[in-house]
Amino acid sequence: MAAFELYSKNAHVWLPDAADVWKSAELLKDYTPGDLTLSLQLEDGTVVEHNVDPKTKNLPPLRNPNILVGENDLTTLSYLHEPAVLHNLKVRFIDSKLIYTYCGIVLVAINPYESLPIYEADIINAYSGQNMGDMDPHIFAVAEEAYKQMARDQINQSIIVSGESGAGKTVSAKYAMRYFATVSSSSEETNVEKRVLASNPIMEAFGNAKTTRNDNSSRFGKYIEIGFNKDHCIVGANMRTYLLEKSRVVFQAHGERNYHIFYQLCASSHLSEFKAFKLGCADDFCCTNQGQGPVIDGVNDAKEMCNTRRAFSLLGIGESDQVKIYQILSAILHLSNVDVKDQSSDTCSILPDNAHLMVFCELMGVPCEEMAHWLCHRKLQTITETFVKPVSKENAVHGRDALAKHIYARLFGWIVNNINNALESTVKQHSFIGVLDIYGFETFDVNSFEQFCINYANEKLQQQFNLHVFKLEQEEYMKEEIPWTLIDFCDNKPCINLIEAKLGILDLLDEECRMPKGSDDTWAQKLYNTHLKQNAYFDKPRLSNEAFIIHHFADKVEYQCVGFLEKNKDTVNEEQINVLKKSKFGLLPKLFEDEEKIKAPTSKISSITGRPGKSQKEHKKTVGLQFRQSLYLLMDTLNATSPHYVRCIKPNDRKAPFTLDPIRAVQQLRACGVLETIRISAAGFPSRWTYQEFFGRYRVLMKQKDVLPDRKQTCRNLLEKLIKDQQKYQFGKNKIFFRAGQVAYLEKLRSDRLRSACVAIQKTIRCWLARKKYLRMRESAIMIQKHVRAQQARSYVKFLRQTKAAIVIQRNVRMWSKKRRFLQQRSAAVTVQRVWRGYLARKHYFKLLHEQKAVVIQRMARGWLARQRFRRAMEAVVLLQSCVRRMSAKKELKKLKVEARSVEHFKNLNIGMENKIMQLQHKINEQHKENRELTERLSVLEKTHTTEREKQCREIENLRSSEQEARAKAETVPSLLEQLSFLQEELENTRREKEHQEEQTKIYKEQTQQIIHELNMKNSLLNSNLEELNEEFSIQAQQLAEIKTNLENTKQLEKDFTEERSRYQSLLSKHLQLEERHKDLKEEMNVTIISNQSSHQRTDSNYSSNSSEFSQILSSTEDEDSAIQAEDEVETKVDLPILLKLQKRVKELEGENRSLWKKLDKKEEAQQEKAKELEMQTTFGRTELDVEKLKRQELESENKKLKQNLNELRKSLTSENSDLAPPAAGTLSYNILLEQLSSSNEELELRKEEVLLLRSHMVRQEALKHKDSVLGESVKLDLGEIHSLQDSDRSTNIHTLNEDGELWLAYEGLKETNRLLETQMQEQECLHNEKYRKLNEEMNKLRTEKEHQQKLLAMSLLLPEDARIDASLKHEITRLTTENLERMEQQQKQDKTIRKLKKQLKLYMKKVEDLEANAHQTVSSSGTSMPVRPVHIARKEKEFQGMLEFKEDDTGHLLKNLVVDLKPRGVAVSFTPGLPAFIIFMCLRYADNVNDDRRLSTLLNSTISSIKGVIKRKGNDFEVVSFWLANTCRLMHCLKQYSGDEVFMVHNTAKQNEQCLANFELTEYHQLFGDLAIQIYRQIIKSMENILLPLIIPCMLEHEAEQGVLGSKPTGLRKRSPSFPDEALTVEVLLQRLSFFHTTMSQHGMDSDIIKQVVKQQFYIISAVTLNNLLLRKDMCSWGKGLQIRYNVWQLDEWLGEKELSDCGAKETLEPLIQAAQLLQINKNTEVDAKAICSMCSSLTTAQIVKILTLYTPVIEFEERVSNTFITTIKNLLKDRAESSNLMMDAKKIFSVTFPFTPSSVALETIQIPASLNLGFLTRV
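Predicted model only: the values in this text are computed from it and were never measured.

Explain the nonpolar core to me, please; I cannot follow it from the model alone.
As a rule of thumb, nonpolar side chains are buried together in soluble globular proteins. Core analysis: the biggest nonpolar cluster contains 320 residues, and Phe180, Phe206 and Phe548 have the highest contact counts within it. Of all the elements, helix H42 (residues 1563-1598) adds the most residues to this core, at 18 residues. Ranked by size, the runner-up nonpolar core spans 36 residues in total, among them Ala11, Ala25, Tyr79 and Val700.

This is how it looks when you write it as structure tokens:
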């Protein structure tokens, strides 16, 4: 394909631009050869015409497709040129916020001027072990590649970091060294890595300064060699420095600073150790105030001083040496302030009282006068004599500054030497990695000697870089066996020769420095004469004779010759140095010890006259010569290593974050050689694809028939068809190589094919949709027509029906109207008739009624007139009577008056008058009372009468009105009269009812008053009850609040407990690792000692030592384990006291709660049981006696059979007439008979004891049954008689009672049981009294406490809120302390009682053993002769007690066979799960049974040490670790289950409760085995992690189920190497591995809870590793990859469902990964999408969400990148979210594990020991 064909319409090109360097434009029409202009449209819409040069016909460079923009490697770009490189870096840096990009073998690093979270330990772990192309570009990837090549190829490596000042070189080198220190850190207790990193702050303090371009610019070059041993661990380091900028000590430009150490020293001048230096602030000294910017934003110099001092201490430089260093620096500060006075043009002086000079001399330990003299004078030495000459003020100041620079340079060199001594390797260095942090190409407005040396070094490095790149290209082509031609590259050898060759610039400069009167002008003239017009790389400025121009590889630079000679000589007054050498200050002479070594002798200088005898003069090496030699040494070192390049770019001069200045960027890209690398790559075959990648990407360009089984041939056929010019590509062995632009052409073909396929698909789909729409419309039209016609027919039918209905309606309406009119007329006639007839009837009626009423009225009127006449007559008669009576009264009055006048009459009248008056007065009072009552009654009656009268008046008025109306309407009068009479009757009725109602109301009022009174009483009672209830409610509310606070506290305690548990487990793992390391070191030391001892001895075989090694280890484990246990106890006491106190407090509270409830329950149950016992006592005795009788009968029958067998056996043994002779002693039959005889005797003894016990029990039951009856009394008498008989003659009566003496023994047993019952009753009574007393004490205590709390509450209510809180806290603290003390006292009491009980048990055990021994001694063997033939005796099998008898010497053998040599695979499949744990525990039970403390502790400690040894040796074997985790947990559960603790005995059977440990308390071993289980759990997680890590990324991320359309993008030079090239890793492989883990753990009998925790940890590792790699791989952040991840997660979820592990919490650990996959697939355009993302991604941090959105990369043209505005919207929405700022998930996190108690249902007595375990020395008991 021709190149001009690519310039078609809509193609994008790059146009040069003055501001942006390059601008993008789009072709408006196709280009044809011969066109002189191109019609282009810029991105802003403007149309421009670009002229094409008719001679060169160079077209503007094409722009890469959008799919290739933002790639990790610039070499993957199809078009490799400057605008493509610049645009790709700009997109990655500004849009994607990515600062690292590959350019072939070069890592381009752009300084972001912002701290980024991409250098944490998680990032280091993510890059560790990864191939360089597998992850996104990073400095850690380069460091990992160097480390990996050093370890794999055994070749020294070097990392060359270069760039401008402020580009980030120092930071990049620092992070590379940090990576090496982190990755290579060993488990040994060494500080080499820390010391290597500690050198950085020191070198930054003494060698870095603030410049206008950088706040922390390195003003020297350094090369650090980090040494590694054979295990690739850091053992030391060495540092070389180059060209320190000494001029900065005495001069700084505006806005710059001196070296950081001076400002750190001034900021710390207030410290006591610096008081003697007489320092102040930085503005007080001339050498630190010239830049007028002593402070750097965000930097605390005092804090940095602390870091510097800490680094000195870490490197072994003591405080005294540090103070000496700071003293010299302080002296330099004071020296810069020494003021030189001008006396004349040639002389100067310094005042003798100059304070700064005096302080300088005092600090340096030199005489002040001598130093002042040589600062103003210099010595001139000729052949014959020496002169002392004064100098001018200018020369004196230069001399002072030269002295300060020289002292600082010597101090800097001394510090570097001491750092190298501190970092010197004590072990032999096997290989090293060098990190070169050197200045980049520099060009300023004024360039001097420093810039010349820097650019000279960069020329040498660029030459080495070009040769290396060319070499790599050549090796790649040769490796793939493709033909290639020599690539022409820019060789800067002539420029280097111009500088360093003979008669070069440096040679002429050194020659001029040796001349007595050499000057910069003469040197410049020599340069012009030698090189001008003779060397193309040398030039002279037009308007200057004191400058020259060199054409460097990056740019041409003009150097000013002024100062070259002085800086090259680096002269300093020798007399000043001599004064300093004589100093009393110890460090100062050391700085100048190597002064003589630097000087080199030169040839004699002969005079022009040839005068002999001229003294030999030594000249110091010039700076240029020193720099050239050190540069040669550096290049030799770099050429001997495998280099890795890091090019740092400074994006802008304003230090603005994530802002790229295109002009500055292009300058640096040209200067650092990146564009040269692109040019070399573009000259050959820059694009390289493997055959598989090419087939997967461009499969869409093939037809099905073109796909062959041979992928290579398929790719060949396709390329030959697509690209006709075979020079555009080459086929290698493993790759296809393309020329520049061919990949873009293939991408164009691919996108066209996809577009055409999309068009075809769209066409077909649109046709199908249109036809479907047409058919749907046709069906709809037919349906509509059908319905319309049906509607019309229905409408016509409806019309016909309506017409017919209208006729019928009209007919009926007309009929109805006629009928209605007829009926109206008829009803009107009837109405008229009715009214008329009614009128006539009423008229007749009223006439009759009027007549009757008139008669009534007449009767009433006549009656009224008669009554009136009678009343008048009566009044007249009464009047007459009153008059007559008045007259008679008057007469009587006159008589009385006459009598009254007489005295006698008066006296008679007065007799008894007083009494009468009193009586009358009394009567009057009574009458008054009666009058009042009557008046009250009258008033009441009057009121009632008035009311009634008023009512009657109203009624009368109403009647009158009604009468008037009646009169007006005569027709209504009779009815009204009737109504009146009716109303009067009703009135009387109402009066009666009213009186009745009044009486009822009185009664009701009285009743209501009583009820109200009662209700008031009840209300008062209720109020009192309510108040009580409110008080109780308040108390309960307080209690609830306290409960809530307690719950919150418990929740917080649980949370703290889980955190503390995880912290404890991590500390435990570290402690165990240190313990293992200690053991390893101890073993190594023992081995070395043994080897040293045995090296002088000769041994025949090592078998004996090897065989006894295990026994020695087991014998020594007891002491070690005890020491370790003590250490663990100390650590737990020191580290976790608060946790233990809190746990203890929680347990105590829970125990108190349980105890209270239990006490209540026990009291209720005791009352119920007493009643039940009384009822059941009578029935129980009878049933028990019946059962015991049956047992006794069975035992007696068995006893008889055994006696018969024994007699037969004796007969057979004693028979003399037997045919066979008895066997001899020692034969097999003899031994069998003896064994049978002994077993039968043992069973006889057992049966006898059982019979005796049963008989005694029966007698006791009979006695208890009949004790109250007469029979009981007789029984007692009989027993007493028996007892007396026994006392009189026991020997005779025993046989008379029973021949075997069994009745006597039964009687003794009965008495013993009676005594036991009595003692038990007494003990129970004492216990009951004790409990009652304790309860009373507790009640009293609670009462007092309640009263005390009430008082405190009342007092606290009076206090303010703060004081109330303090008082409550103090009260709570005192209460808790008292409770703790009480608990401790109770615990001590319980411990004492436990000790007493143990002692009693031991005594009882000894007594029982003595009794058993005596019983065995009484049994005599009756026969000794052997039987003729073995006789089979039927007997029961012996019942086992679940113990294994072993000897103490067999412990090592037991653990060797059961732990060390055991293979878990066979045990897990064929034996009982947890069999080793059960066997060890059965042995423990035997040691506990025999009360052997030593044997038990030895077994436990040896078991722990043996398991630890197995885990240590086979820790990477998952099956071994899983097996011993299951057995360790089972052994720990057995110790708890059989400990006798009620908490662990809930699920035990009766037999298991009988088998509990009796003599020893092993709770301390619960913690030890728990710690061991934690160690094994962490080891199983590590072993799983080692197995899963290589599978997770290929299975979860890299594998694609469907390849083709969403194929992979080109990966450039660094191809990703699959982890398993031979097999395709899918998620099914990962699931198979998980299933293997689950099956193994299940077979080993691991608890389901532990399995769930392991699975949760597995899924967390998968989620964390996958998400971390997703965040670090830009190529994985696409829509298709999100779909694949969700599919893989779904399969993991299905696996959980199959294994019934959905509730283990593993699914929640996958939530971040699920949300990340959803984030890749969701829309990312609008604000609604942003809100949806924020609500969806709850498990992702803001940094992770932004990182994924930033890395989102379209794989096909139809996807779109995420805009910066959308990312900004996301940040704004998530800015208030409180979360961690970490980008990566902690993949090393291990969840805290718990081991819940799970009892075993396996009966110990049923466990059989397999013969394959070789444990025949164990005996079941």
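Still to come is the rest of the account.
I would appreciate a short explanation of the packing of aromatic side chains in the present structure.
The full count for this structure, using the stated rule, is 41 aromatic pairs. Between the aromatic rings of Phe274 and Tyr326, the centroid separation amounts to 5.4 Å while the plane-to-plane angle is 80°, which identifies the pairing as edge-to-face. You can see Phe274 sitting in the loop between helix H6 (260-267) and helix H7 (301-314) and its partner Tyr326 sitting in helix H8 (residues 319-336), a full 52 residues away along the chain. With centroids separated by 5.6 Å and ring planes inclined at 85°, the aromatic side chains of Phe449 and Phe564 adopt a geometry described as edge-to-face. Of the two residues, Phe449 is situated in helix H12 (residues 449-480) and Phe564 in helix H16 (residues 564-569); the sequence distance between them amounts to 115 residues. A connected cluster of aromatic rings, assembled from ring pairs, spans Tyr119, Tyr127, Phe140, Tyr147, Tyr175, Tyr179, Phe180 and Phe228.

For this particular structure, what's the right way to read the packing of H12 against helix H20 (residues 623-639)?
The relative placement of two packed helices is expressed as an angle between their axes plus a distance between the axes. Closest axis-to-axis distance for the H12/H20 pair is 11 Å, and the angle between their directions is 20°. Here H12 is positioned roughly parallel relative to H20, judged by the angle of their axes. Of the two possible hands of crossing, H12 and H20 adopt the one that is right-handed. Residue-level contacts link Phe449, Cys453, Tyr456, Ala457, Lys460, Leu461 and Gln464 of H12 to Val623, Gly624, Phe627, Arg628, Leu631, Tyr632, Met635, Leu638 and Asn639 of H20. Grouping the constituent residues of the contact of H12 with H20 by class yields 11 nonpolar, 3 polar and 2 charged.

Whenever I open this one, a negative patch on the surface confuses me. Can you help?
On the surface, a cluster of negative charge is contributed by Glu926, Glu930, Glu933 and Glu936. Tracing the backbone through its elements, the reader meets Glu926 in helix H27 (residues 913-968). Using a relative accessible area of 37% as the deciding quantity, one classes Glu926 as partly exposed.

Sorry, what's going on with helix H47 (residues 1711-1721) here?
Spacing of three or four residues puts side chains on the same side of an α-helix, whose turn is 3.6 residues. For H47, the buried fraction is high: 9 of the 11 residues fall into the buried class. Turning to H47, its buried residues number three or more, namely Pro1712, Leu1713, Ile1714, Gln1715, Ala1716, Ala1717, Leu1719, Leu1720 and Gln1721. On its buried side, H47 packs onto H42, helix H44 (1648-1671), helix H45 (1679-1698), helix H46 (1706-1709), helix H48 (1727-1736) and helix H49 (1742-1751).

Would you mind going over the pattern of salt bridges with me for this structure?
It is possible for side chains bearing opposite charge to pair when their charged atoms get close. On inspection of all chains with the given rule, the structure shows 34 salt bridges. Glu164 is the salt-bridge partner of Arg664, the closest N and O atoms lying 2.6 Å from each other. Remark: Glu164 occurs in the loop between strand E7 (157-163) and helix H4 (169-183) and Arg664 occurs in helix H21 (residues 662-671); sequence separation between them is 500 residues. Comparing Arg664 with Glu164 shows no difference in burial state: the two are buried.

How do you make sense of the sheet that holds strand E11 (residues 234-242) when you look at a structure like this?
Where strands meet in a sheet, backbone hydrogen bonds hold them as pairs that are either parallel or antiparallel. Taken together, the 7 strands give an open sheet; going across it, the order is E5-E6-E22-E7-E16-E10-E11, and neighbouring strands pair in mixed fashion. Looking at the sheet topology across the chains shown, the edges are occupied by strand E5 (100-103) and E11. Taken pair by pair, the neighbouring strands of this sheet meet at an average axis angle of 20°, ignoring direction. Inspection of the sheet shows strand E6 (residues 106-110) paired to strand E22 (residues 642-649) by 5 bridges, in the parallel sense. Bridge pairing in E22 links Val106 to Tyr645. The strands touched by H20 within the sheet are E7, strand E10 (221-228), E11 and strand E16 (431-437), with E11 carrying the most contacts at an inclination of about 145°.

Just checking my understanding: could you explain a nonpolar patch on the surface for this structure?
On the surface, a nonpolar cluster with roughly 410 Å² of combined accessible area is contributed by Ile761, Ile765, Trp768 and Leu769. You can see Leu769 is positioned in helix H25 (residues 742-901). Taking relative accessible area as the criterion, Leu769 reaches 43% and is therefore assigned partly exposed.

What's the story with the pairing of strand E25 (residues 735-738) in this structure? I'm lost.
Side chains on a regular strand alternate between the two faces of the sheet. The alternating pattern of E25 places Lys735 and Phe737 and Ile736 and Phe738 on opposite faces, both of which are buried. In the sheet, strand E23 (residues 687-690) pairs with E25 via 4 bridges, with the strands oriented antiparallel. Within E25, the residue paired with Arg688 across the bridge is Phe737. Where strand E24 (residues 729-731) folds back on E25, the antiparallel hairpin that results is connected by 3 residues.

Teacher, can you tell me more about the state of the cysteines here?
By definition, a disulfide is the covalent link that joins the sulfur atoms of two cysteine residues. Enumeration according to the criterion identifies 0 disulfides in this entry. Lacking any disulfide linkage, Cys1737 is separated from the closest cysteine sulfur, that of Cys1734, by 7.9 Å.

How should the environment of Ile1480 be read in this particular structure?
Tracing the chain through its elements places Ile1480 in helix H38 (residues 1475-1489). A sequence separation of 25 residues divides Ile1480 from Leu1455, and the C-alpha atoms of the two residues are 8.8 Å apart.

Conventions adopted
Residues numbered from 1 in each chain as written. Predicted model: local features only at pLDDT ≥ 70, side-chain atom pairs only at ≥ 80, totals over all residues. Heavy atoms only, no water. Core = buried A, V, L, I, M, F, W, Y, C linked by side-chain atoms within 4.5 Å. Buried < 20%, exposed > 50% of the residue type's maximum accessible area, 1.4 Å probe, protein only. Helix = DSSP H or I, 4+ residues; strand = E, 2+ residues; numbered from the N terminus. Phe/Tyr/Trp six-rings, centres within 6.5 Å; stacked < 30°, edge-to-face > 60°. Axes fitted to C-alpha atoms, helices over the stretch in contact; angles between N-to-C directions. Parallel < 35°, antiparallel > 145°, perpendicular 65-115°, else oblique. Left-handed = near helix turned anticlockwise from the far one by under 90°. Contact = heavy atoms within 4.5 Å. Nonpolar A, V, L, I, M, F, W, Y, C, P; charged D, E, K, R; others polar. Patch = residues over 30% accessible without salt bridge, like charges linked within 9 Å, V, L, I, M, F, W, Y side chains within 5 Å. Areas by Shrake-Rupley, 256 points an atom, 1.4 Å probe, with all protein chains shown as cover. Salt bridge = Lys/Arg side-chain N within 4 Å of Asp/Glu carboxyl O. Lys, Arg positive; Asp, Glu negative; His and termini not counted. Charge placed at Lys NZ, Arg CZ, Asp CG, Glu CD. Pairing = 2+ DSSP bridges. Disulfide = S-S within 2.5 Å.

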